[in-house]
Structure formats: structure tokens, C-alpha cells
Amino acid sequence: MQWDKVKNTLLVILLAVNLFLLSSLGVKLWQSRQRDEQLEDSLRTLTAAHGLTLDEAFSLPRDRLLPQLMLDRSRAEEEAVSLSMLGEDAVRTELEDGAVRFESEKGALVWGTDGTVQGECRTETETPADAREMEQTAQRLLSAWGLLEENSVLTAETASAVLTGTVAGMPVHNRQLTLELEEERAVLSGVWSFGTPYTTAQESGTVCAAADALLAFAEQTEEPARVLSMTAGYRLTVDSSRRLRLMPTWKITTDLGEYLVDCAKKTTVEPEK
């Protein structure tokens, strides 16, 4: 009998503790939500002073801590794509600036040290009649050239298609290829990379603060615009030593276009193309 009383008392105590913990968690969540709403209200007021309005459906994303990453340029992958596109008889030429040019009777393709790609080749493909046909044709060509990846996203219009893909599970906002088709000719251009990124012991994480990036963009923007969304990710760049780097960057989507804001420098980079 005595043990039954002790057991019941312990159960009551445990129940009381659980209720206290749950109520404390609820209060913290409510306070956090209140702070987020107050911050967003303040941002709407501050950005409006610079002619930048936040869409009604806009929600300020959470801050992220992202490491700076590095990529090794893959000459082997560049050559494999070039030969698939231009034929096995394509001639390789090393240019003075570090770029590599492949050329054959079918066309030419140049890979820059900064990840840029520019070239064209003849194809037996007719000009697509609509966006759906363009998507199917682009998928077939890009797959044959070895450019389609597991997480690739392909969007198409009537005569052009844009290929994007993540790196290490994160979006790289300026890593995209544009394929244009006309009169049995394919034109490929954009920025691309191969391989798995890595970090070094010297590299530290960069805090991507959404509110700071949004305010910096508002101060630097020259035209009134409406912000639709923000996405944290990376931007592919090249340093003075010609090493490819992935820099933490916000992409801000507005009704006028898409813009990139460097997380560390809080500066607006060129509009995404």
C-alpha cells in the first residue's frame, strides 16, 4: 500500500514536470514567433523608405551558417563534354589566360578559368516548335554531352533552355547553362563546374543573415521593386590564384529580376543571368 502511494506521487511529480517543460517550450516558441513578426514588420518599414516593398506572401528566411568552399577545375570533364559535343577529332588549344578551346568542323567550345562556358556546334536538330519540344530536345542533347546531373533542373522556352543544378545539396545561384537552338545550330553559354567541393582548415563559416542582406540590398537598389523571396546558397567565383570558390550568397527574387547579395560583404553582385 505504501509503495502504491509513493508510485502515485512520483507519477504526479513527473506529470507536473512535463507540463512545466511543455509550457516553457510553448512560451519560448511564442516569443520567438513574436520577435520574427516584429523584425519583419520593421524590415517592411525600413525597406519601404528605399522604394523596396516586401510582397504580402514574403517570409523572411532563417539565418544560415555556410562555409566557404573550393572546387578543383576538372580538365578531364571539360574535355569529355567537348568531345561529346564536337566529336572525337576536336583539337584542344591552351589559351594564354588559362582557358581551353576545343574546335572541330562541327564548331568550337571554350572553357574559362572562372567556370564560364561559351561555344556552338552544328546539330541535325530542327528548331523546336514549342517549349515542350525544346525541353525534350535540350534534355537529349545535354544528356548526350554529359551535362545532365541527378539533381538538374531544366526550364525551357520555345528556342532556349536553362540548366541548373545544386552542388553539395545547395543551390549555386550563378551556375547555369543556356542552350539555344536555331537553324540546326546549338549555342551553349553560361557558368558550370564539375566535382565535389571541399573546405580547408583555414576557411571559416560565414553567417548569412537574411535581414542584413535585405537591408543592404534595399540601400543599394536604384529602382523601386517588390521582393518575392530570398534563397541562401552559393556563388561560383575565381580568386587571384585562379582557384574556383563557392561564396555564401543570398539570391533575392523581385518583380524586376533576381539579384545576388554576398553574405560576408553585404554587397549586391551582378543580377543573375
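Now for a quick tour of the structure. Computed from a predicted structure; not experimentally measured.

**Digging into the overall build of the protein**
- Regarding its fold elements, the protein presents four helices and 15 strands.
- Here the protein, with 273 residues, has 40% of them falling under the buried criterion.
- Long-range contacts, defined as pairs at least 24 residues apart, comprise 57% of the intrachain contacts of the protein with a sequence gap of at least 6.
- Total accessible area computed for the protein in this model is approximately 15800 Å², and 51% of it derives from carbon and sulfur atoms.

**Comments concerning empty space enclosed by the protein**
- Using the criterion set out here, one finds one cavity of 30 Å³ or more in the structure.
- Of the voids in this model, the largest cavity is the one considered here, and its volume is about 80 Å³.
- Residue lining of the largest cavity: 13 residues in total, with Arg73, Glu78, Trp192, Ser193 and Leu244 positioned closest to the centre.

**So, the state of the cysteines**
- One pass over the structure, following the stated rule, counts one disulfide.
- Here cysteine 208 connects covalently by a disulfide to cysteine 263, the sulfurs 2.3 Å from one another. Disulfide cysteine 208 to cysteine 263: torsion about the S-S bond roughly 105°, handedness right-handed. Here the residue cysteine 208 occupies a position in strand E12 (residues 205–208), and cysteine 263 occupies one in the segment after strand E15 (257–262), the gap between them amounting to 55 residues. Of the two residues, cysteine 208 and cysteine 263, both sit in the buried class.

**Looking at the nonpolar core**
- In terms of nonpolar packing, the biggest core is built from 32 residues, with Leu60, Leu214, Met230, Leu246 and Trp250 touching the most fellow members.
- Where this core is concerned, the elements lending two or more residues are strand E1 (52–54), strand E3 (69–71), strand E10 (170–182), helix H4 (210–220), strand E13 (225–238), strand E14 (244–254) and E15.
- Excluding residues within four positions of it along the chain, leucine 214 makes contact with Leu43, Thr47, Leu52, Leu54, Phe58, Leu60, Val227, Met230 and Ile252.
- Grouped together as the second largest cluster of nonpolar side chains are 27 residues, Ala90, Met134, Leu163 and Leu181 included.

**Some words on the side chain of serine 193**
- Examined against the element boundaries, serine 193 turns out to sit in the loop between strand E11 (185–191) and E12.
- For serine 193, a relative accessible area of 4% corresponds to the buried category.
- Setting aside chain neighbours within four positions, we find serine 193 in contact with Leu71, Glu149, Val167, Arg175 and Leu236.

**Considering unusual backbone geometry**
- If you check the backbone angles, alanine 168 has positive phi at about 55° while not being a glycine.
- For glutamate 183, which is not glycine, the phi dihedral falls at a positive 50°.
- Note on placement: glutamate 183 falls in the loop between E10 and E11.

Rules used in this analysis
Residues numbered from 1 in each chain as written. Predicted model: local features only at pLDDT ≥ 70, side-chain atom pairs only at ≥ 80, totals over all residues. Heavy atoms only, no water. Helix = DSSP H or I, 4+ residues; strand = E, 2+ residues; numbered from the N terminus. Buried < 20%, exposed > 50% of the residue type's maximum accessible area, 1.4 Å probe, protein only. Contact = heavy atoms within 4.5 Å. Areas by Shrake-Rupley, 256 points an atom, 1.4 Å probe, with all protein chains shown as cover. 1 Å grid on protein atoms, 1.4 Å probe; cavity = no way out; pocket = protein on both sides within 12 Å on 5 of 7 lines; lining within 4 Å. Points joined across faces, edges and corners; volume = space filled by probe spheres on them. Disulfide = S-S within 2.5 Å. Core = buried A, V, L, I, M, F, W, Y, C linked by side-chain atoms within 4.5 Å.

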